[in-house]
Amino acid sequence: MDRVLRCIVIDDEPLALGLIAGYVRNTPSLSLEGTFTSAAEAISIVMSGDIDLVFLDINMPLLSGIEFASVIPSRSRIVFTTAYDNYAVEGFRVSALDYLLKPVSYSDFMRAVSKGIEWFRIAEPGDAVRSSNSGISYISVRTEGRLLRLRTDSILYAEACNDRVMLFRNEGEPVSVLMSLTELERLLPADEFMRVHRSFIVRLQGVEIVERGRIVYGRTYIPVADSRREEFLSRING
């Protein structure tokens, strides 16, 4: 990834705000897009979808860093900066990229930046689906606090669950992915997968039993929408 990451800094303490803003200005791989003394002031710029990294204080009046992180788009990655270490668990619950204790050293700052660079390198839309020399396809997806690389032929089906997606695989536990079903649909190879219902995507090669208009995986039944049934049957029979 060669592009510069666009950053903002949010902190109600002027000295802390100036320190992190200075770090951003002096790091060639970053671009400072704004500084804010409250999370409420920064909502509009983050909601625009143009910000990559948010350096965010946790303990702020009106709107706390935790509350702010829970409502912004998942594409913007959060790096928490705080003087209190008792917020660490809450920070990672909202999928923070990193958690830095004040006063933040430049080496700790760069550790977080390196995580951000790696995150966006793997998660860039153009790099989301990759093929190895053997022709096997992979996707990189965001889970709680990490990126996960999955073989597409290991996925049986995906189910929308509120603000995330559950990926069910041939083996292993289901994986909770931080994206919408529509976003996942764009990542998956169109010749291998089909959205059969507003809440489900299936891998066509993994379908073995269709009964009464439903796909059967053991004791699990996946509905096929009436509007998609003809195309679905045509594709699995083709």
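Residues numbered from 1 in each chain as written. Predicted model: local features only at pLDDT ≥ 70, side-chain atom pairs only at ≥ 80, totals over all residues. Heavy atoms only, no water.

Draft legend 1. Region of interest: the pattern of salt bridges. Enumeration according to the criterion identifies 12 salt bridges in this entry. Notably, a salt bridge pairs R111 with D98, separated by 3.2 Å at the nearest N-O pair. Of the two residues, R111 sits in helix α5 (residues 106-123) while D98 sits in strand β5 (residues 98-101), which places them 13 residues apart along the sequence. With a shortest N-O distance of 2.8 Å, D153 and R151 are connected by a salt bridge. A relative accessible area of 34% means that R151 is categorised as partly exposed. (Salt bridge = Lys/Arg side-chain N within 4 Å of Asp/Glu carboxyl O. Helix = DSSP H or I, 4+ residues; strand = E, 2+ residues; numbered from the N terminus. Buried < 20%, exposed > 50% of the residue type's maximum accessible area, 1.4 Å probe, protein only.)

Draft legend 2. Looking closely at the pairing of strand β1 (residues 5-10). Taken across its six residues, β1 has five buried, putting it largely inside the fold. Here β1 runs beside strand β2 (residues 30-36); their pairing, made up of six bridges, is parallel. Residue pairing in the sheet places L5 in a bridge with L30 of β2. Handedness of the β-α-β unit built from β1, helix α1 (residues 14-25) and β2 comes out right-handed. Sheet topology places β1 next to strand β3 (residues 53-57); four bridges connect them, and they run parallel. Residue pairing for β3: I8 is matched across the bridge by V54. (Pairing = 2+ DSSP bridges. Right-handed = clockwise from strand over helix to strand, strands pointing away.)

Draft legend 3. Spotlight on the sheet that holds strand β9 (residues 155-161). If you trace the five strands from one edge of the open sheet to the other, you get β11-β10-β9-β13-β12, paired in antiparallel fashion. With one partner strand each, in any of the chains shown, β11 (175-177) and β12 (193-197) form the two edges of the open sheet. Across the sheet, the mean angle separating the axes of adjacent strands is 25 degrees when strand polarity is ignored. With three bridges connecting them, β9 and strand β13 (residues 200-203) associate as antiparallel partners. (Axes fitted to C-alpha atoms, helices over the stretch in contact; angles between N-to-C directions.)

Draft legend 4. Region of interest: the sheet that holds strand β14 (residues 209-211). Taking strand neighbours across the sheet as the criterion, the three strands line up as β14-β15-β16 in an open arrangement whose pairing is antiparallel. Each edge of the open sheet is held by one strand with a lone partner, namely β14 and β16 (220-223). Geometrically, the sheet is characterised by an average inter-axis angle of 35 degrees between neighbouring strands, direction not taken into account. The pairing of strand β15 (residues 214-217) with β16 spans four bridges and is classified as antiparallel. Counted as the bridge partner of R214 is P223 from β16.

Draft legend 5. How the structure looks around the pairing of strand β4 (residues 77-82). Of all six residues that make up β4, six are buried, and the element is covered over most of its length. For β3 and β4, the ladder comprises five bridges, and the chain directions are parallel. Bridge pairing links F55 to V79 in β4. After leaving β3, the chain enters helix α3 (residues 65-71) and then returns to the sheet as β4, a path that is right-handed. Taken together, the four bridges between β4 and β5 define a ladder with parallel strand orientation. Bridged to F80 within β5 is Y99.

In short, geometric facts, not functional conclusions.
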